[in-house]
Amino acid sequence: MAYLQNSTFNAVTNRRIPIVLLNADKDTLGQSIESSIINTNVFDVTRKNADSTSTEQIEQEVADGNYLLGIVIPANTTKNIHLNMKRAVNMSFNSSIAPKFVSADSIMIFVDPTTQNSFRQSVVSSIREYVARMQMQFTLSEIQNEIKKQVPISIRKIEIPESQLVICEQYAQHSKVRIIPNSTQHNVAAWGLFAVFFIALTLSSCIIEERSSGCIMRLRLLGVSWWQYYLAKAIVCLLVCHLQWLIMLSLGVLLFPLIGLPTLAICSHWLALLVMIFSISTAAIGYGIAIGIVCQTQQQATSFSAISIVILAALGGVWIPSFVMPTSMQMLSLLSPMNWGLKGLYNLLVRDEDLYSVVPSALALLMFAAMSVLVANLIQKSRKSFIR
């Protein structure tokens, strides 16, 4: 999953997008737009001859999946803009001229229908930016030329500095040490959490098996309390969960770079990370104990554990980020303990925050574990078949 997501993150920056370009203008503006698109090094441009290719053919090429995008610059684009600029300048010097402009054809952008909407919007927005920049420069040049014809004095070329308003983009972080979010940071947290919760399946099956074989009854006859029994199970499972987390983190640091993925950047707050790992593991163990007490057979426990963990993962944002869910699903996601654990891990592995940022998530997970064990204990005491 990390490898697949990483290829999606780098789809635009590391791969050239195949497009087909038909420049029927063959004049200043069309050539400027064509050069700008080619020089970006983002697109793999195939140019078609306007004399032998029509707009319908370009559309058909894209519809067949041969190209991701098709761009058609209509004929007389430069000529029409030149006439409109001439008309606009003449109107500014002579108010009697009627405001009549030549309607220009649209630059057509055909998009492969299989393209995802988010990817389409980002690519088309880039092309719109190139076209708007070239159009602005050409329009300014045309206005200057027309003013020279109207004004007897000499006018120097209007020089406008590029990038007067610079837009700087970076990920928002609280601390000075910045961890760049990537596929590794997200997937180690999400799938590590998902894997640890499957301890509930093993733990619940083990409790039911020991209950069916009479092991629990013999322990009770030896004076072992229920809380001692729970604690012994929890300690062993806690060690297993911590070992799972160690393996997942080691994969992110050691293995992922060998297969071309970003290296996992471990947060600088080790205590906070240990608190979150302990809280998530404890919640999973408490959930497993509750299932082992409530269910009567191993088949029930296995089925319920697997299905419920998958549902909690789906609601919690392990597979689909919660922010893209509908509002009703976002409200339901707040009930999933995986959502609480994921928020805490993201605060550490993605936002590089400190211990205080994970305290709410950790407390919620510990309360979930305590409530699971208490409910299981109440159900257990209500059954006459158990030795008290």
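Because the structure is predicted, anything quoted here is derived from the model rather than measured. (Residues numbered from 1 in each chain as written. Predicted model: local features only at pLDDT ≥ 70, side-chain atom pairs only at ≥ 80, totals over all residues. Heavy atoms only, no water.)

### Examining helix α2 (residues 28-39)
Cut-off, in case you're wondering: The helix and strand labels rest on DSSP assignments: H or I over at least four residues marks a helix, E over at least two residues marks a strand, and numbering proceeds from the N terminus. Working rule for helices: expected span equals 1.5 Å times residues minus one. For every residue, the accessible area obtained with a 1.4 Å probe (protein chains only) is divided by the maximum for its type, and the residue is called buried under 20%, exposed over 50%, and partly exposed between those limits. Read the arc as the range of directions from the helix axis to the C-beta atoms.
With twelve residues, α2 extends 16 Å between its outermost C-alpha atoms, agreeing within 8% with the 16 Å of an ideal straight helix rising 1.5 Å per residue. Those residues of α2 lying buried are L29, G30, I33, E34, S36 and I37. Down the axis of α2, the buried side of the element spans an arc of 165 degrees, and every buried residue falls inside it. Just downstream of α2, N41 is the residue with a positive phi angle, here 60 degrees.

### What about the nonpolar core?
Spelled out, the test is: Here, the term nonpolar core denotes a set of buried Ala, Val, Leu, Ile, Met, Phe, Trp, Tyr and Cys residues that are joined through side-chain atoms within 4.5 Å. Whether two residues are in contact is decided by their heavy atoms, any of which lying within 4.5 Å being enough.
Ranked by internal contacts, the top residues of the largest apolar core, which has 57 residues, are I280 and M338. Of all the elements in the fold, those that place two or more residues in this core are α6 (183-197), α7 (199-213), α9 (226-255), α10 (270-294), α11 (298-316), α13 (337-349) and α14 (355-381). In terms of residues, this core owes the most to one element, α10, which gives 13 residues. Residue contacts for M338: discarding those within four places in its chain leaves L193, F194, F197, I309, L312, A313, G316 and V318. Core analysis: the next-biggest nonpolar cluster, separate from the first, contains 20 residues, V45, L68, I73 and I81 among them.

### Describing the sheet that holds strand β4 (residues 108-111)
The following threshold applies: In short, DSSP must find at least two bridges between two strands for them to pair. Structural elements are reduced to axes, namely lines fitted to C-alpha atoms, with helices fitted over the stretch in contact, and the angle between N-to-C directions of any two is expressed from 0 to 180 degrees.
Reading across from one edge, β2-β1-β3-β4 is the order of the four strands in this open sheet, with mixed pairing throughout. With partners counted over all chains shown, the strands left at the sheet margins are β2 (43-48) and β4, one partner each. Neighbour-to-neighbour, the strand axes of this sheet turn through a mean angle of 20 degrees, independent of strand direction. Strand direction decides the pairing type here: strand β1 (residues 17-23) and strand β3 (residues 69-73), joined by five bridges, are parallel. Within β3, the residue paired with V20 across the bridge is G70.

### Here we look at the packing of aromatic side chains
Note the cut-off: Planes of paired rings set the category: under 30 degrees apart is stacked, over 60 is edge-to-face and the rest tilted, where pairs are Phe, Tyr or Trp rings (Trp by its six-membered ring) whose centres lie within 6.5 Å.
The final tally for this structure, using the stated rule, is six aromatic pairs. Measuring from ring centre to ring centre gives 6.3 Å for Y229 and Y230, while their planes differ by 55 degrees; the resulting arrangement is tilted. The same class applies to Y229 as to Y230, namely buried. Aromatic side chains Y287 and F368 sit 6.0 Å apart centroid to centroid with 35 degrees between the ring planes, which places their arrangement in the tilted category. Note that Y287 is positioned in helix α10 and F368 in helix α14, a separation of 81 residues in sequence. Among the residues examined, Y287 registers a relative accessible area of 13% and is labelled buried. Here the aromatic cluster, defined as three or more aromatic residues joined through ring pairs, consists of W191, F194 and F198.

### Some details on the pairing of β1
Keep this limit in mind: Call a crossover right-handed when, viewed with both strands pointing away from you, the route from the first strand across the helix to the second goes clockwise.
Of all the seven residues making up β1, six are buried; the element is thus mostly covered by neighbouring parts of the structure. With six bridges joining them, β1 and β2 adopt parallel strand pairing. Bridge pairing links L22 to K48 in β2. Crossover β1 to β2 through α2 is right-handed.

### A closer look at the side chain of D112
Examined against the element boundaries, D112 turns out to sit in the loop between β4 and α5 (117-150). Note on D112: relative accessible area 10%, which makes it buried. Every residue in contact with D112, bar those within four places of it in the chain, is listed here: V62, G65, Y67 and L68.

### Some remarks on the pattern of salt bridges
Rules: Salt bridges, as used here, are contacts in which a Lys or Arg side-chain nitrogen is within 4 Å of a carboxyl oxygen on Asp or Glu.
Taken as a whole, this structure holds three salt bridges when the rule is applied. One salt bridge connects E210 with K233, and the closest N-O pair in it is separated by 2.6 Å. Taken together, the residues span a long stretch of sequence, with E210 in helix α7 and K233 in helix α9 at a distance of 23 residues. For K233, a relative accessible area of 15% puts it in the buried group.

### Considerations on the packing of α11 against α13
Filter applied, for reference: Angles are sorted into four bins: roughly parallel if under 35 degrees, roughly antiparallel if over 145, roughly perpendicular if 65 to 115, and oblique for all others. Left-handed describes a crossing in which the near helix is turned anticlockwise from the far one by less than a right angle; the clockwise case is right-handed. Gly counts as polar in this scheme, as do all residues outside two lists: the nonpolar Ala, Val, Leu, Ile, Met, Phe, Trp, Tyr, Cys and Pro, and the charged Asp, Glu, Lys and Arg.
As a packed pair, α11 and α13 sit with axes 7 Å apart at the nearest point and diverge in direction by 50 degrees. The orientation of α11 relative to α13 falls into the category oblique. The crossing of α11 and α13 is right-handed. Contacts from I309, L312, A313 and G316 in α11 reach P337, M338, N339 and L342 in α13. Of the residues assigned to the contact of α11 with α13, the class counts are six nonpolar, two polar and no charged.

All we've got here are geometric facts, nothing functional implied.
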